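# Structural features, examined
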Amino acid sequence: MGELKVYYGWARIGNVRKKRALSVMFENEIQGCRSDRGQRCLRTIQDTVIERYQTDEEEKDGRKQNRIFTEYSLFLDERPINGSLERCLLVNSEADRNNVSKAMRERISEALRKSFMFANPGYKEPYSQLELKFE
């Protein structure tokens, strides 16, 4: 495992961001990210729920970047998620499948689910057609 972190949280909605989104922030270098300025920047972008250390493979990709953070967002109200929290968490878990253990992915999903439900107490999963999964 490397020494760079990955921060999972919910995007802060404000003047710049208008849509609900799951935000995943990857550190690209330690000095800028862990400084007061870097952490202040992170707090303005997202409400961090859980963090983990990057794998060596993820860290190699991050060191090639010229920014202190790399962000990936999953917008809740756009395709393929269409407002479904469970689908959003599933897509995120599938994206992490190659780098994160199943137990850690479940911990991340549960922490994100609890945080979202706390912030949105009246949320109900939208009606969707029956999906069959064959494994």
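Notes on the structure in this doc start here. Quick caveat, the model's predicted, so the values are computed rather than measured.

A separate point is the layout of surface pockets. A volume near 360 Å³ is recorded for the second largest pocket. Here the residues of the lining of the second largest pocket sort into five nonpolar, eight polar and four charged.

With that settled, the discussion passes to the pattern of salt bridges. Any two side chains of opposite charge can pair, given that their charged atoms come close. As enumerated under the stated definition, the model contains eleven salt bridges in all. The shortest N-O distance in the salt bridge between Arg34 and Glu27 comes to 3.1 Å. A residue is classified by how much of its surface remains accessible, and Arg34, at 34% relative accessible area, is partly exposed. Look at the salt bridges and you will find they share partners, linking Glu86, Glu110 and Arg113 into a network.

This paragraph deals with the packing of aromatic side chains. Across all of its chains, the model carries four aromatic pairs by this definition. Plain terms: the ring middles of Phe26 and Tyr72 are 5.6 Å apart, the flat faces sit at 85° to each other, and that makes the pair edge-to-face. Pair noted here: Phe26 is in strand S2 (residues 21–27) and Tyr72 is in strand S4 (residues 69–75), with a separation of 46 residues, a long-range link. A relative accessible area of 13% means that Phe26 is categorised as buried. One aromatic cluster is present, built from ring pairs that chain together Trp10, Phe116 and Tyr123.

What follows concerns helix H4 (residues 85–95). Listed in full, the buried residues belonging to H4 are Leu85, Cys88, Leu89, Asn92 and Ser93. The buried side chains of H4 occupy one side of the element, clustering within an arc of 135° when seen end-on. Where H4 is buried, its residues touch strand S1 (5–11), S2, S4 and helix H5 (102–119).

Now for H5. Taking 1.5 Å of rise per residue, 18 residues should cover 26 Å, and H5 covers 26 Å from first to last C-alpha, within 8% of that figure. The set of residues buried in H5 consists of Met104, Arg105, Ile108, Ser109, Ala111, Leu112 and Phe116. Within H5, the buried residues cover an arc of 165° as seen down the axis, which keeps them to one side. Exposed side of H5, more than 90 degrees from the buried face: Lys102, Ala103, Arg107, Lys114 and Phe118 are the residues found there. If you follow the buried residues of H5, they end up packed against S1, S2, strand S3 (46–53) and H4.

Within the largest apolar cluster, 19 residues are counted, with the highest numbers of intra-cluster contacts made by Tyr8, Trp10, Leu85, Ile108, Leu112 and Phe116. Looking at this core, the elements with two or more residues in it are S1, S2, H4 and H5. Per-element accounting of this core gives the leading share, five residues, to H5. Those residues in contact with Trp10 that sit more than four places away from it in its chain are Ala21, Leu22, Gln46, Asp47, Val49, Leu76, Leu85, Leu112, Ser115 and Phe116. Of all hydrophobic cores here, the second largest spans six residues; its members include Tyr7, Met25, Ile45 and Phe69.

Cut-offs applied
Residues numbered from 1 in each chain as written. Predicted model: local features only at pLDDT ≥ 70, side-chain atom pairs only at ≥ 80, totals over all residues. Heavy atoms only, no water. 1 Å grid on protein atoms, 1.4 Å probe; cavity = no way out; pocket = protein on both sides within 12 Å on 5 of 7 lines; lining within 4 Å. Points joined across faces, edges and corners; volume = space filled by probe spheres on them. Nonpolar A, V, L, I, M, F, W, Y, C, P; charged D, E, K, R; others polar. Salt bridge = Lys/Arg side-chain N within 4 Å of Asp/Glu carboxyl O. Buried < 20%, exposed > 50% of the residue type's maximum accessible area, 1.4 Å probe, protein only. Phe/Tyr/Trp six-rings, centres within 6.5 Å; stacked < 30°, edge-to-face > 60°. Helix = DSSP H or I, 4+ residues; strand = E, 2+ residues; numbered from the N terminus. Arc of directions from axis to C-beta. Contact = heavy atoms within 4.5 Å. Expected span 1.5 Å × (residues − 1). Core = buried A, V, L, I, M, F, W, Y, C linked by side-chain atoms within 4.5 Å.

Any functional reading would require information that these geometric values do not contain.
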